[in-house]
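# Architecture at a glance
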Amino acid sequence: MWRVEEKSPPQRTQRSTEGTDPRQALTKAFRINKAQGLRFNTGVRMTMIDREKLKIKRQREEMQFMAEHPQSAKLYERAQNSLLGGVPMNWMKKWAGPYPVFVKHAKGAHFKCVDGHEYVDLCLGDTGAMTGHSPDVVVEAVAKRAKDGITLMLPTEDALYVGEDLKKRFGLPCWQFTLTATDANRFSIRIAREITQRPKVLIFHYCYHGTVDESFASLHDGLVGPRRGNIGPPVNPAETTHVVEFNDLNALEETLKHHDVACILAEPAMTNVGIILPEQGYWKAARELARRYGALLIADETHTICAGPGGCTAEWHLEPDMLVFGKAIGSGIPGAAYGCTEEVAQRIAARIQLEDCDVGGIGGTLAGNALSLAAMRATLEHVLTAKNFKKMIALAVRFNEGVSSAIKNGGLPWNVQRLGCRAEYTFCAKPPRNGGESAAAADFELERFLHLYALNRGVLLTPFHNMALMCPETTEGDIDRHTGIFSEAVAELTNRPRFGG
Ligand code: PMP
């Protein structure tokens, strides 16, 4: 069962579900005075941010960035001739500087750019390198496997080790492999649809599960429609998807009552719109509801693996029907896994015909290849260990303490949350309880200033919201460096002395 019992996550107490409309909450909590360019929390004496000053400071940071990154500028200019938008993947446009930093070398928690600057990497490839860049043991295993055959569409013994390890970590007995977490989610959804013979996927407002068509939906005045920025939706996502707010059991039950939900696809704690923790008892009740109404629960642990070696599923004793784990599983060598219960395995086996198994819409030529499996084995055996998690989590606690003190010192209505070795600050006084609340507190301009400020001083944050991740090689010195920089930025924004002198 997906429940939170013996060992509870660091949850907040259950609030009434009344008045949770994010727009209402926003109107109550904030007034945005566009004329003066101020954002403030009413009723509390909080520091205001002068938007004009923010703009000028951002321009100053951009000038500094350009002065210090001439080689990256040259490469970016050359890239315009062959790469769409001048980058190999469109998200790389989102970095806070006028162009991305081109990388020369990365190891552990650090990397060096082509202009010779060294950085503390708190983005870690948006979790793909949560293991640290190029761990020696994985590099050795991958080099050996590359010499011995990369892909054959035949199994190697490493696959068995990985399956057995995942079974122990997450408590699910049957595993399959893909190249990306996106694919693992897509295949899990297909399986859920097939065995339940139901059409719809239920997701949470502002979730992210990869480029899965069914998950690019959001609520608009209570109705489901394409999420902002959805490029070329194949159909109106309202046809495929139900969307509800996280931590709202009434909304979940009302939706499940349609009896058309094949699966709930969820991160046990939301991580892609800030960190949003489940309220006490939420998953226990949600698990029961899913069972009562015949929907499967798919836990996407791709990011929430940060909670510990077995993700939130092991930490909080959840019992999903299916589970997805990608990105860090092979230290960044492409690979992902999805697992299921014995019951799901039997139901799917009963429906797959041998003759059609290669054209049914799950699997892929390179999925489960020997190289990915060698990387996964070395990563699981030697890197994503309980010992390393203990260290990484302590660093995230240190990160939060530093950021929290700086926020307090600056009198800013911001908060900082943590899930295992992942930390994140949000521009609202209290931790948001759902995607709508968190998205309402986003401030793209402010976010970009803070990220560029950190980058110019040698610290890389994730370009999506304000996430920082620890790897086994991250040091206390790296964290304190970030705290110092963040404190300086806060001091500049608030005209108050810097936290820590
Ligand atoms: N699930 C979650 C929770 C994610 O955050 C992401 C990517 N950010 C994915 C799945 C998809 O991962 P990939 O892009 O590697 O397919």
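All figures in this text were calculated on a predicted structure; none of them were measured in a lab.

### What to know about the confidence of the model for the protein
Residues with a pLDDT of 70 or more make up 90% of the protein, whose mean pLDDT is 91. Ranking the elements of the protein by mean pLDDT puts strand E1 (residues 30-33) last with 32 and strand E12 (residues 296-300) first with 99. A low-confidence stretch, residues 1-45 stays under pLDDT 50, and its non-local contacts, those more than four residues away or across chains, total 108 contacts.

### Structural notes on the sheet that holds strand E3 (residues 103-107)
Here we have four strands laid out as an open sheet, ordered E3-E4-E5-E17, and mixed in their pairing. Only two strands of the sheet have a single partner each, and these edge strands are E3 and strand E17 (459-460). In this structure, strand E5 (residues 118-121) lies alongside E17, joined through two bridges in parallel fashion. Of the residues in E17, the one forming a bridge with valine 120 is valine 459.

### With respect to the sheet that holds strand E18 (residues 467-469)
Pairing is antiparallel across the open sheet formed by three strands, whose spatial order is E15-E16-E18. In this open sheet, the two edge strands, each paired with only one partner strand, are strand E15 (415-419) and E18. Put simply, the sheet's adjacent strands are angled 20 degrees from each other on average, direction ignored. Sheet analysis places strand E16 (residues 422-426) next to E18, joined by three bridges and oriented antiparallel. Bridging across to E18, arginine 422 finds its partner in leucine 469. The sheet strands contacting helix H12 (residues 386-410) are E15, E16 and E18, and the helix crosses E15 at an angle near 175 degrees.

### So, the site of the ligand
The local shell around the ligand holds 14 residues, among which Thr182, Asn272, Asp300, His303 and Lys327 are the closest. The separation between an oxygen atom of the ligand and a polar side-chain atom of asparagine 272 is 2.9 Å. Here an oxygen atom of the ligand sits 3.1 Å away from a polar atom, N or O, in the side chain of histidine 303. Coverage of the ligand by the protein chains reaches 89% of its 390 Å² of free accessible surface. When residues in the shell around the ligand are grouped by element, the largest group, three residues, is from helix H6 (residues 181-196). Here the residues of the shell around the ligand are counted per class, giving two nonpolar, eight polar and four charged.

### A word on the packing of aromatic side chains
Evaluation of the coordinates by the stated rule reveals 21 aromatic pairs. A centroid spacing of 6.5 Å and a plane angle of 65 degrees characterise the contact between phenylalanine 204 and tyrosine 282, whose relative ring orientation is edge-to-face. One end of the pair, phenylalanine 204, is in strand E7 (residues 200-204); the other, tyrosine 282, is in helix H8 (residues 282-292), with 78 residues separating them in the sequence. By the burial criterion, phenylalanine 204 is buried, and tyrosine 282 matches it. Judged by centre distance (5.3 Å) and plane angle (65 degrees), the rings of phenylalanine 246 and tyrosine 282 are edge-to-face. One end of the pair, phenylalanine 246, is in the loop between strand E10 (241-244) and helix H7 (249-256); the other, tyrosine 282, is in helix H8, and 36 residues separate them in sequence. Neither phenylalanine 246 nor tyrosine 282 differs from the other in exposure class; each is buried. Pairwise contacts between aromatic rings join Trp91, Tyr208, Phe216 and Phe464 into one cluster. In this arrangement the basic side chain of arginine 457 is found over the ring face of tyrosine 453, its NZ or CZ atom lying 3.5 Å from the centre.

### A look at helix H10 (residues 342-349)
Of the positions making up H10, those classed as buried are Val344, Ala345 and Ile348. Taken down its axis, H10 places every buried residue within 100 degrees of arc, on the same side. Residues of H10 that are buried sit in contact with strand E6 (174-178), H6, E12, strand E13 (322-325) and strand E14 (336-340).

### Digging into the side chain of arginine 58
The residue arginine 58 is located in helix H2 (residues 51-68) in this model. Residue arginine 58 is classed as buried on the basis of its relative accessible area of 15%.

### Considerations on a nonpolar patch on the surface
Taken together, the side chains of Met89, Trp91 and Met92 define a hydrophobic patch exposed on the protein surface, amounting to about 240 Å² of accessible area. With respect to the helices, strands and loops of the structure, tryptophan 91 is situated in the loop between helix H3 (70-79) and E3.

### Observations concerning the pairing of E15
Within E15, four of the five residues are buried, which leaves the element mostly enclosed by the surrounding structure. Of the pairings in the sheet, the one linking E15 to E16 comprises five bridges and is antiparallel in character. Counted as the bridge partner of valine 416 is tyrosine 425 from E16.

### Examining H8
Buried within H8 are the following residues: Tyr282, Trp283, Ala286, Arg287, Leu289 and Ala290. Buried residues of H8, viewed axially, fall in a sector of 165 degrees; they line one side. Contact partners of the buried residues in H8: E7, H7, strand E11 (261-266) and E12. Phi turns positive one or two residues past the end of H8, at glycine 294, with a value near 75 degrees.

### Quick word on the nonpolar core
Met130, Leu166, Leu252, Trp414 and Met470 are the most contacted members of the largest nonpolar core, which has 115 residues in total. At eight residues, the largest contribution of residues to this core is made by H12. Counting 13 residues, the second-largest nonpolar core is a separate cluster that includes Phe111, Cys123, Leu452 and Leu460.

### A short note on the environment of valine 139
One can find valine 139 in helix H4 (residues 136-148). Taking the C-alpha atoms as reference points, valine 139 and alanine 375, 236 residues apart in sequence, are found 7.9 Å from one another.

### Observations concerning the packing of H7 against H8
Two elements in contact, H7 and H8, have axes separated by 10 Å at closest approach and are oriented at 10 degrees. The angle between H7 and H8 places the two elements in the roughly parallel class. Across the interface between the two elements, Leu249, Leu252, Glu253 and Leu256 of H7 pack against Tyr282, Ala285, Ala286, Leu289, Ala290 and Arg292 of H8. Residues of the contact of H7 with H8, tallied by class, amount to eight nonpolar, no polar and two charged.

Conventions adopted
Residues numbered from 1 in each chain as written. Predicted model: local features only at pLDDT ≥ 70, side-chain atom pairs only at ≥ 80, totals over all residues. Heavy atoms only, no water. pLDDT = per-residue confidence, 0-100. Helix = DSSP H or I, 4+ residues; strand = E, 2+ residues; numbered from the N terminus. Contact = heavy atoms within 4.5 Å. Pairing = 2+ DSSP bridges. Axes fitted to C-alpha atoms, helices over the stretch in contact; angles between N-to-C directions. Near = heavy atom within 4 Å. Polar contact = N/O pair within 3.5 Å; in protein donor to acceptor, adjacent residues only side chain to side chain. Areas by Shrake-Rupley, 256 points an atom, 1.4 Å probe, with all protein chains shown as cover. Nonpolar A, V, L, I, M, F, W, Y, C, P; charged D, E, K, R; others polar. Phe/Tyr/Trp six-rings, centres within 6.5 Å; stacked < 30°, edge-to-face > 60°. Buried < 20%, exposed > 50% of the residue type's maximum accessible area, 1.4 Å probe, protein only. Lys NZ or Arg CZ within 6 Å of the ring centre and 35° of its normal. Arc of directions from axis to C-beta. Patch = residues over 30% accessible without salt bridge, like charges linked within 9 Å, V, L, I, M, F, W, Y side chains within 5 Å. Salt bridge = Lys/Arg side-chain N within 4 Å of Asp/Glu carboxyl O. Core = buried A, V, L, I, M, F, W, Y, C linked by side-chain atoms within 4.5 Å. Parallel < 35°, antiparallel > 145°, perpendicular 65-115°, else oblique.

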